[in-house]
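The primary structure of each chain is shown beneath.
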Amino acid sequence: MMLQQAGSAQLLCLTANSGVPLFTRGASKQLPFSIIGSLNGVHMFGAGQGVVLAGCETDRGGRVVWRVFQDSVMLIAVSSGGQAQQGGGGAGEGDLHLRRLLENVWNCMVLVLGQDELASLRNVERLKRDLRSCYRLIDQLLEGGQGQEGTMGDLTHCADCLLPPNPTLLQEGLDGFTQAADSEFGCLMVHGRIATATDKWWRLAPQEVVLLSSLARSLSLSGSASCDTPVFLPQGSPTVAHRLLRFQLLPGADVCVLCGPSPTLHRAESELVGCFWSPLLEALRGSLAVGERCLPGSVILRPDVLALLLINRESRRSVSCVKGIVTNPNPPPSDPPLPSKARCWELLRLFYTFTTTRYFPLEETQALPLTPGEKAQRGDSLREDFALGFSHQPLQCYLVTEECKCFGLQTAQHQLYLLTPLSVPTFALRSVATQTLAAITSATGF
């Protein structure tokens, strides 16, 4: 079996009632207006006949997925194909990442503009201009779907985390800083992942945590040392804006706070940042040293682990990493080449999709209440009929592809997705997975 290369996706946004295009993002070659009109027309025709068209497959292996939000905005995702697996893959696998993309994009639009402006559509031309402020986040979501960025939250709806070697010191510093900023919502991000956060931050809806992390990463790329950005919480506060204050502590380390009218950005930057974080510079450098591995040095991974994704099902947090690929300068002729780092990230996403649509439960975390029409359009489940024939819940699964071997392990608290070289014996995959899970949880308590 082969996990195919993910196809590029293009995103269309239109008004639900009139089909006026609001924006197009994604592929470099945009779809012709006639095709956009046809995609909107076939959905409207189905709605007029009492049929909700949620998705379809083209004769060339591409996928098209529709969804209407708040009876005002229609989002359409068009994929060039490649998500299904050779040897029996189904539509559930192809649709999962596209449906998640549409849901994430809508929540991103709410995060930046608020629900009222999107639902009312009082001035379409002004809305088109305002939506430009969402483009960087939307493009980040589209690029994440290609497995290049190294984060998984857009697909798993779990917060991407980095486990620092000194979490207690950082937690105490963050709690004090957040309280001094008249807030209870704060997080410390290292290399674009959450290193620690306050209790109230973790109580936000998982999708809100994922989107706020994406926004913080986007703001850090702007090059500014600090910023004050209005945000709406898709579930907690979709119509009233809060302030997101972000400060760069060190290159790669940022602290974020959700707050009200006070403190001012200048006061927080001049009086609070140095007071609370200067004593913790060494602890911050220690966290930065963890790097893309996302695991402290106390976690010893087996050399035959290429990549892993570990999800804590209770807290909806995850850690993921791809180990540096060390190639043998004189490999035996029988050894196939190892996949590249970028390909390992993509294979990890594809294996997660393969497993959750066939074996493990897909634990949905909806960040917005659905209207009856949206519930029908979304479908009761993304799981395939393949899984309905089992009377039990699978706890383990494996997949042998042309590039690597994959193993999935599920417990009451965790899900682990693992990639190993083809040279690892298939009968040893379970042992590799259980040892990896034990090594991480015993050393970090994750």
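Everything quoted here is computed from the prediction, not taken from an experiment. (Residues numbered from 1 in each chain as written. Predicted model: local features only at pLDDT ≥ 70, side-chain atom pairs only at ≥ 80, totals over all residues. Heavy atoms only, no water.)

Before we go on, may I ask you to explain the overall build of the protein chain in this structure?
Counting its secondary structure elements, the protein chain contains 14 helices and 16 strands. Counting all 446 residues of the protein chain, 55% fall into the buried class. Long-range contacts, defined as pairs at least 24 residues apart, comprise 66% of the intrachain contacts of the protein chain with a sequence gap of at least 6. When the accessible area of the protein chain is evaluated, it comes to approximately 18,700 Å², of which 54% is carbon and sulfur surface. (Helix = DSSP H or I, 4+ residues; strand = E, 2+ residues; numbered from the N terminus. Buried < 20%, exposed > 50% of the residue type's maximum accessible area, 1.4 Å probe, protein only. Contact = heavy atoms within 4.5 Å. Areas by Shrake-Rupley, 256 points an atom, 1.4 Å probe, with all protein chains shown as cover.)

Can you help me understand the state of the cysteines in this one?
Formally, a disulfide is one covalent bond, and it connects the sulfur atom of one cysteine to the sulfur atom of another. Overall, the coordinates contain zero disulfides when judged by the stated rule. Cysteine C321 is unpaired, with the sulfur of C294 as its nearest cysteine sulfur at 6.6 Å. For the unlinked cysteine C397, the closest cysteine sulfur is that of C406, found at 8.9 Å. A relative accessible area of 7% means that C397 is categorised as buried. (Disulfide = S-S within 2.5 Å.)

Can you help me understand the sheet that holds strand β9 (residues 226-233) in this one?
Within a sheet, each strand pairs with its neighbour through backbone hydrogen bonds, oriented either parallel or antiparallel. With antiparallel pairing, the five strands of this open sheet are ordered in space as β8-β7-β11-β10-β9. Each end of this open sheet is capped by a strand with a single partner; those strands are β8 (193-197) and β9. Strand-to-strand twist of the sheet, defined as the mean angle between neighbouring strand axes without regard to direction, takes the value 30°. Across four bridges, strand β7 (residues 185-190) lies against β8 in antiparallel orientation. (Pairing = 2+ DSSP bridges. Axes fitted to C-alpha atoms, helices over the stretch in contact; angles between N-to-C directions.)

Looking at this model, I keep getting lost on the pattern of salt bridges. Mind explaining?
Scanning the entire structure with this criterion turns up 14 salt bridges. R67 is paired through a salt bridge with E103; the nearest N and O atoms lie 3.9 Å apart. You can see R67 sitting in strand β4 (residues 63-69) and its partner E103 sitting in helix α2 (residues 91-113), a full 36 residues away along the chain. Here R67 falls in the buried class, since its relative accessible area comes to 6%. Assessed through its relative accessible area of 3%, E103 is described here as buried. Close ionic contact of E292 with K341 constitutes a salt bridge, the shortest N to O distance being 2.7 Å. Taken together, the residues span a long stretch of sequence, with E292 in the loop between α11 (281-290) and β12 (307-312) and K341 in helix α12 (residues 341-356) at a distance of 49 residues. With relative accessibility at 46%, the residue E292 sits in the partly exposed group. In this structure, a network of salt bridges that share partners links the residues R343, E346 and E403. (Salt bridge = Lys/Arg side-chain N within 4 Å of Asp/Glu carboxyl O.)

Looking at this structure, I do not really get the environment of G286. What am I missing?
When you line up the elements, G286 lands in helix α11. Sequence separation between G286 and P165 is 121 residues; the distance between their C-alpha atoms is 6.9 Å.

Please explain helix α1 (residues 33-48) as it appears in this structure.
Because an α-helix packs 3.6 residues into every turn, residues spaced three or four apart end up facing the same way. The terminal C-alpha atoms of α1 lie 22 Å apart, and with 16 residues this matches the ideal 22 Å at 1.5 Å per residue to within 8%. For α1, the full list of buried residues reads I36, L39, N40, H43 and G46. Down the axis of α1, the buried set is contained in an arc of 125°. They therefore lie on one face. The exposed set on the far side of α1, more than 90 degrees from its buried face, consists of F33, S34, F45 and G48. Positioned one or two residues after α1, G50 has a phi angle of 80°, which is positive. (Expected span 1.5 Å × (residues − 1). Arc of directions from axis to C-beta.)

Mind showing me how you'd approach the side chain of S213 here?
Relative to the assigned elements, S213 resides in helix α9 (residues 206-220). For S213, a relative accessible area of 5% gives the class buried. Filtering out sequence-adjacent residues up to four positions away, S213 remains in contact with M189 and I194.

In this structure, what is going on with the pairing of strand β5 (residues 73-79)? I would like to understand it.
When a strand is regular, its side chains alternate between the sheet's two faces. For β5, a buried count of seven out of seven residues is recorded, marking the element as mostly surrounded by other parts of the structure. The two faces of β5 match: V73, L75, A77 and S79 on one face and M74, I76 and V78 on the other face are all buried. Bridge count between β4 and β5: seven bridges; the pairing is antiparallel. Bridge assignment links W66 to a residue of β5, and that residue is I76. The loop that links β4 with its antiparallel partner β5 comprises three residues; one of these, Q70, has a positive phi angle of about 55°.

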